[in-house]
Amino acid sequence: MRLDKYLKVSRLIKRRTVAAEAADSGHISVNGKTAKPSTDVKVGDRLELQFGSRRTVVEVLSVAETVKKDDAAGMYREIAET
C-alpha cells in the first residue's frame, strides 16, 4: 500500500494530501530512508514522522484498504514519541 494512503487509513495523518505533502518535504522516513508518497508500506516496516519538534516512531502491524475508526490504532504500534 502507498505510504500516503496508509497514513490516512491508519489515521496517523488526517488527510491523504497532507500525508503526501509531509512525505514530499522529507518529514517521513520508512526504515531509516526518506520516503516519497508512493513508497510501498509492508507489515514490519518502521515509520518515523517528524512534525516541528514532535517525532513519532511506529511499527506497521497490518495493512488494510479500509478500517473502522475504532480499529485504526491496531494497524500500528507506537515505539517512541518525543
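Description of the structure in this document. (Residues numbered from 1 in each chain as written. Predicted model: local features only at pLDDT ≥ 70, side-chain atom pairs only at ≥ 80, totals over all residues. Heavy atoms only, no water.)

### Section: the overall build of the chain
- Regarding its fold elements, the chain presents two helices and five strands.
- Taken over the C-alpha trace, the chain has a radius of gyration of 11 Å; the compact-globule value for 82 residues is 12 Å, and the two agree within 12%.
- Across its three principal axes, the chain shows a C-alpha extent of roughly 30 × 25 × 20 Å.
- A buried classification covers 34% of the 82 residues belonging to the chain.
- Across the chain, the fraction of contacts at a sequence separation of at least 24, relative to all contacts at a separation of at least 6, is 40%. (Helix = DSSP H or I, 4+ residues; strand = E, 2+ residues; numbered from the N terminus. Rg over C-alpha atoms; globule rule 2.2 N^0.38 Å. Buried < 20%, exposed > 50% of the residue type's maximum accessible area, 1.4 Å probe, protein only. Contact = heavy atoms within 4.5 Å.)

### Regarding the sheet that holds strand β5 (residues 76-81)
- Taken together, the five strands give an open sheet; going across it, the order is β2-β1-β3-β4-β5, and neighbouring strands pair in antiparallel fashion. Strands at the two margins of the open sheet, each flanked by one partner only, are β2 (33-34) and β5.
- In this sheet, β5 lies alongside strand β4 (residues 54-60) in antiparallel orientation, the contact comprising five bridges. Within β5, the residue paired with V57 across the bridge is A80. (Pairing = 2+ DSSP bridges.)

### As for the side chain of S29
- Topologically, S29 is positioned in strand β1 (residues 28-30).
- Once you skip the residues sitting within four places of it in the chain, S29 turns out to touch T34, A35, R46, L47 and E48.

### Things to note about the pairing of β4
- Pairing analysis gives six bridges linking strand β3 (residues 46-51) to β4, with the strands arranged antiparallel. Across the sheet, residue Q50 finds its bridge partner in β4, namely R55.
- Here β3 folds back onto β4 in antiparallel fashion, the turn holding two residues, of which G52 has a positive phi close to 60°.

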